[in-house]
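Read off the chains here:
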Amino acid sequence: MRFTTIFFDLDDTLYPSNAGLWQAIKNRMNDYMRERMNIPADEIPALREKYYLQYGTTLHGLQKHHQIDVDDYLAYVHDLPLGNYLTPNPGQRSVIASLPTRNLIFTNADSSHADRVLAALNLRDLFSTIVDVNTVAPYCKPMPESFEIAMKAAGETDPSRCVMIDDLPRTTRAAKSAGMFSILFGETAANGDANACLIDWNELINILEAQ
């Protein structure tokens with residue numbers, strides 16, 4: 001295998017998108033904006049969409065245009081009973097544990113949330129580092145600068161030796177543009193958004209070794 005480093009997205013990648021957790025987090029974002037920031041409920045969906053498209057995340061848009069306590073926001077939106085949503089996948093664990101690469105989490109969430117998710121999935125010991133929203137601040141995925149910071153955190157200088165696995169096409173496109181091998185998770189066709197696609201963790205090693 002020519003790769004030395006793999007960056008794994010967290011939400012809706014390390015657990016199935018139908019688990020319901022990410023939707024619950026988005027609902028908490030709406031609640032925070034309504035209850036803590038007094039933004040009218042009917043304005044929130046369009047505002048979140050605007051900030052997501054313009055800045056990469058709702059949080060970055062709120063930071064640009066509103067007074068917000070970032071730590072309070074992150075704690076609030078991630079305050080959920082993860083055991084109600086997540087179940088360890090022994091097959092997934094076996095695949096990741098067998099990889100001969102340096103494996104890192106690269107997420108637009110914070111490390112506290114990542115730690116809790118990884119613990120709930122019984123995967124925490126398989127990742128050497130969590131590159132979170134604070135690590136790459138003031139940037140976030142899919143901004144090019146965030147990939148540069150992630151590579152530095154991994155001690156990697158050659159993007160061609162790196163892999164990014166993510167469920168969002170805009171992130172896999174950005175990783176591909178940065179010179180990484182990108183894998184779009186949860187889709188059966190890459191459609192130019194990534195170098196490969198993945199729906200079954202058991203296929204990961206075959207995809208990587210074929211490159």
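For the structure given in this document, a descriptive report is provided here.

What counts, and where the lines are drawn
Residues numbered from 1 in each chain as written. Predicted model: local features only at pLDDT ≥ 70, side-chain atom pairs only at ≥ 80, totals over all residues. Heavy atoms only, no water. Helix = DSSP H or I, 4+ residues; strand = E, 2+ residues; numbered from the N terminus. Rg over C-alpha atoms; globule rule 2.2 N^0.38 Å. Buried < 20%, exposed > 50% of the residue type's maximum accessible area, 1.4 Å probe, protein only. Contact = heavy atoms within 4.5 Å. Lys, Arg positive; Asp, Glu negative; His and termini not counted. Charge placed at Lys NZ, Arg CZ, Asp CG, Glu CD. Pairing = 2+ DSSP bridges. Salt bridge = Lys/Arg side-chain N within 4 Å of Asp/Glu carboxyl O.

### Some remarks on the overall build of the chain
Alright, step 1. In terms of regular secondary structure, the chain is built from nine helices and six strands.
Alright, step 2. For 211 residues, the compact-globule formula gives about 17 Å, and the C-alpha radius of gyration of the chain, at 17 Å, lands near that figure.
Alright, step 3. Taking the principal axes of its C-alpha atoms as reference, the chain extends roughly 50 × 35 × 30 Å.
Alright, step 4. Here the chain, with 211 residues, has 49% of them falling under the buried criterion.
Alright, step 5. Considering only contacts within the chain whose residues lie at least 6 apart along the sequence, 61% involve residues at least 24 apart.
Alright, step 6. Side chains of the chain carry 18 positive and 27 negative charges; the gap between the two charge centres is 3 Å.

### Here we look at the pairing of strand β2 (residues 102-106)
Alright, step 1. Among the five residues in β2, four count as buried, and that is most of the element.
Alright, step 2. Pairing analysis gives four bridges linking strand β1 (residues 5-8) to β2, with the strands arranged parallel. From the neighbouring strand, phenylalanine 7 faces β2, where its bridge partner is leucine 104.
Alright, step 3. As paired strands, β2 and strand β3 (residues 129-131) are joined by three bridges and run parallel to one another. Of the residues in β3, the one forming a bridge with isoleucine 105 is isoleucine 130.

### Some points on the pattern of salt bridges
Alright, step 1. Inspection of the entire model under this criterion finds nine salt bridges.
Alright, step 2. Arginine 102 is the partner of glutamate 156 in a salt bridge, and the nearest nitrogen-oxygen pair spans 3.9 Å. One end of the pair, glutamate 156, is in the loop between α7 (144-154) and β4 (162-166); the other, arginine 102, is in strand β2, with 54 residues separating them in the sequence.
Alright, step 3. Classification of arginine 102 by relative accessible area gives partly exposed; the value is 34%.
Alright, step 4. In this structure, a network of salt bridges that share partners links the residues Asp9, Lys141 and Asp166.

### Some words on the side chain of threonine 171
Alright, step 1. Assignment of secondary structure puts threonine 171 in helix α8 (residues 169-177).
Alright, step 2. Leave out the neighbours within four places in its chain, and threonine 171 touches Lys141, Pro142, Phe147, Met164 and Asp166.

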